[in-house]
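Take a look at the letters that make up each chain.
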Amino acid sequence: MDLKTLCELNGASGDEGAVRRAILDAARPLCDSVRIDRMGNVIAFQKGRKGDRRLLFSAHMDEIGFIILDATEDGLLQFRPVGDIDSRQAVSKYVLVGEKRIPGVIGALAIHLQSDEQYGHVLDYDGLYIDIGAKNRDDALADCPKGSYAYFDSGYEEFGDGFAVSKALDSRTGCCTMLRMMEKQYDADVTYAFTAQKQVGMRGSSGAAFDAQADDAIVLDCAPAADIRGVDKALKACEAGMGIAVSFMDRASIANAGLYKELMDLAQALGIPHQARRDTAGLSDAASYQRTKGGMRTCVLSVPCRYMHGPSSVIKLSDVQAQYALADAFADARKPLHK
Amino acid sequence: MKAEAFLREVTAIPGVTGNERAAAEYIAEAFRPFSDEVTITPLNCVVARQKGDGPKVEICAHLDEIGMMVSKIEDDGCLRLECVGGVDPRVLPGMRVRVYTKEGVRLGIVGTAPIHLQRVAEKTKNYSWDTLFVDMGMPADSVRSLVRVGDTVCFEARYAALKNGRAATKTVDDRGCVAIMLEAAQRLRHMEHKADLYFVSTCQEEIGCYGALVSGFGLAPDYGVAFDVCHADTPGAPPNSTSKIDSLVASKGPFLNPFLVKKLEETAKDNGIALQVAVDPRYTGTDADELSITRSGVPMALLSLPIKYMHTNVETFDMHALTEGGRLLAHYLAQVDESWEDALWT
């Protein structure tokens, strides 16, 4: 399944249904078993030719989004983010709300009507609302009841020198890589976990990790590319277009030192574009795999992603290719290079 | 042409103030089937005439839009922007914009630092023109060979049909009102009218109503009817600053001729068309301000289409209000005759 199709599906944490169904359909013909677990993760298993190693690859299938709290008397939907979305990214965006995908826009008081004091303030979620054209509260809630999810209506486009922009690159890039890996069979037994609810606290992966039968877990995610203006030089952690970012640590997990070195050496030896991620911002599902039950060796392979957690996050496609190349090479490797 | 089809197409054509040729050419073609003659003036006003033997009336709505220009290309290839007209920079983060380069239209992303890497002090500050930039997704050399300082940058064109006949798109200000004029022009083709009618889609309104100024001088009309957008009800708006979204608004005030306004109210009533009234104690902030003092003076009426979220890419309006506006205008213009001259200031 291509990245565009995956990115244009809507699946915020707790509302992953559409993504789950698409992944199930794509994975079934390629794997020995595919199941949905208790947390709503899709767990696919492919028996290896030799079964000498047990590997797990994991990518979260959920994305950031919004959820409807209520509507005002004049029919405007009040909402909050699901996952961390800077409210300043939400102003004046096109959205789709609820199961019927009702079109709406995120409105705010026009610039002309704001006092100087209001203009100085950040528009937060109390000052923003979704306008679907409803005439009153009942009219609004009829189509978009409380608890409906809403999504940026921003499709996938390729632009510039091999870049792509979409709302859900984080981490449909990882899902895309795993679906591509499934087309091969490795010597090792491989479990592919498409996890739910990462954006609200790595909840899906906690269940997936408990059931996992593997020694090593490689998490395929996105990392904020700090190669952009407005970020302190000191925070420049990885750069779009410079290859797959290998993490030694993030806010919630620490990589196995041997595994980290193995992946870096493998990339070096095979000429796969790669970079050490020089920063620990952000969380990943690796936390779950690292320390559930007896624990696993973990490491995160991240596609550098600009403007993450907004309607227009940006990646370079060559970095997704590098993510596949390194994950594939690791799954192919005959034996661990380092302990 | 139906108003929705017209708006979907015309709002996607760039026409940032000062660079309106493409929009002007499209609008000229839209008016041509309903006009005796259509001309585009040197500043890119579109003048569509329906001939008559009676008083000369200029009806105007502006075709230019707020937008941006490239003001600088940074060493890393990011574009810095200058706004043209009143763009609120707070609507830009995460927006996809279209950059009109020498080799055609290119997508750019208005970038900001991600939430993960912001310090607390940054999170509570609004983005300003100093902190926003456009990412073209290409190396600096490629950007420099493609983009020039002064190139136009537009909001991405989208059109969302909402519930209850409402819709959101960019540039309803003021092509929504050009659509009202077009609607009226189509109707008047099948109606009798004495007046010599000039439907003028004006340029350069957003930086000072210069199109109205020069078109008024050229045409020397007896009367004028200006069309622009006003604010529809929005939470938190100051008192008396907004109108209901579902019908047009006629303005009253010293800049507007009381007889022409009274006639508008009568026409609305006679034809069962809803019409609200707003009060402009001084400047109206529209083409009416300039046109009314052109040459020896032009008695004016001003009609407004209420929209939400003015000067953003999600300007929201009511399609019924728009088409009823066209009906109101047609019936109004069909009544203009020589007798109006004596009644103007009584």
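Note on numbering: residues in each chain are counted from 1, in written sequence order. For naming, the first written chain is A and the first written ligand is 1, with later ones following in the order written. It should be noted that, the model being predicted, local features are given only for residues of pLDDT at least 70 and side-chain atom pairs only at 80 or more, the latter also being counted only at that level, while totals for whole chains, interfaces and linings use all residues.

Description of the domain arrangement of chain B
Residues and elements named next belong to chain B.
Then step 1. How far each domain reaches was decided by an automatic or database domain assignment. Looking at chain B, the domain boundaries give domain 1 (3-65 + 170-343) and domain 2 (67-155).
Then step 2. For domain 1 and domain 2, the distance between their C-alpha centroids amounts to 33 Å.
Then step 3. With twelve residues of domain 1 at the interface, the matching set in domain 2 holds twelve residues.
Then step 4. Residues are sorted three ways: Asp, Glu, Lys and Arg are charged, Ala, Val, Leu, Ile, Met, Phe, Trp, Tyr, Cys and Pro are nonpolar, and all the rest, Gly among them, are polar. In terms of residue class, the side of domain 1 that touches domain 2 is made up of three nonpolar, six polar and three charged. Two residues qualify as being in contact provided that their C-beta atoms, derived from the backbone, are within 7 Å of each other.

Notes on helix α5 (residues 169-181) of chain A
Quick reminder: α-helices carry 3.6 residues per turn. Residues three or four places apart thus point the same way.
Residue and element names in this part refer to chain A.
Then step 1. Helix and strand definitions follow DSSP, with helices as H or I runs of at least four residues and strands as E runs of at least two, each counted in order from the N terminus. A helix is expected to span 1.5 Å for every residue after the first. Counted at 1.5 Å a residue, the expected span for α5 with its 13 residues is 18 Å, and the 18 Å between its end C-alpha atoms agrees.
Then step 2. Counting buried positions along α5 yields twelve of 13 residues, so the element is predominantly enclosed.
Then step 3. In this scheme every C-beta is placed from the backbone, and a residue whose C-beta has 20 or more other C-beta atoms within 10 Å is buried, one with 12 or fewer is exposed, and one in between is partly exposed. Restricting attention to buried positions, one finds in α5 the residues Leu169, Asp170, Ser171, Arg172, Thr173, Gly174, Cys175, Cys176, Thr177, Met178, Leu179 and Met181.

Details of the sheet that holds strand β11 (residues 163-166) of chain A
Residues and elements named next belong to chain A.
Then step 1. Paired strands, as defined in this entry, are two strands with at least two bridges between them according to DSSP. One open sheet accounts for three strands, arranged β10-β11-β17; its pairing is antiparallel. The two strands at the open ends of the sheet, each matched to only one other strand, are β10 (157-159) and β17 (313-316). Neighbouring strand axes in the sheet, compared pairwise and without regard to direction, differ in orientation by 30 degrees on average.
Then step 2. Looking at chain direction, β10 and β11 are connected through three bridges and run antiparallel. Here, axes are lines fitted to C-alpha atoms. For helices the fit covers the stretch in contact, and angles between N-to-C directions go from 0 to 180 degrees.

As for the interface of chain B and chain A
Then step 1. With 53 residues of chain B at the interface, the matching set in chain A holds 51 residues.
Then step 2. Those elements that provide at least two residues to the side of chain B that touches chain A are β7 (104-111), β8 (133-135), β10 (159-161) and β11 (166-169) of chain B.
Then step 3. Residue composition of the side of chain B that touches chain A, grouped by class: 24 nonpolar, 19 polar and ten charged.

Quick look at the nonpolar core
Within soluble globular proteins, side chains that are nonpolar tend to cluster in buried spots.
Then step 1. One finds Leu77(A), Val134(B) and Met181(B) to be the most contacted residues of the largest nonpolar core, which totals 230 residues.
Then step 2. Ranked by residues supplied to this core, first place goes to helix α5 (residues 172-188) of chain B with ten residues.
Then step 3. The residues touching Val134(B), leaving out its near neighbours within four places in the chain, are Cys78(B), Leu79(B), Leu81(B), Val97(B), Val99(B), Gly108(B), Ile109(B), Val110(B) and Val153(B). Under the definition applied here, buried Ala, Val, Leu, Ile, Met, Phe, Trp, Tyr and Cys residues are grouped into a nonpolar core through C-beta atoms within 7 Å.

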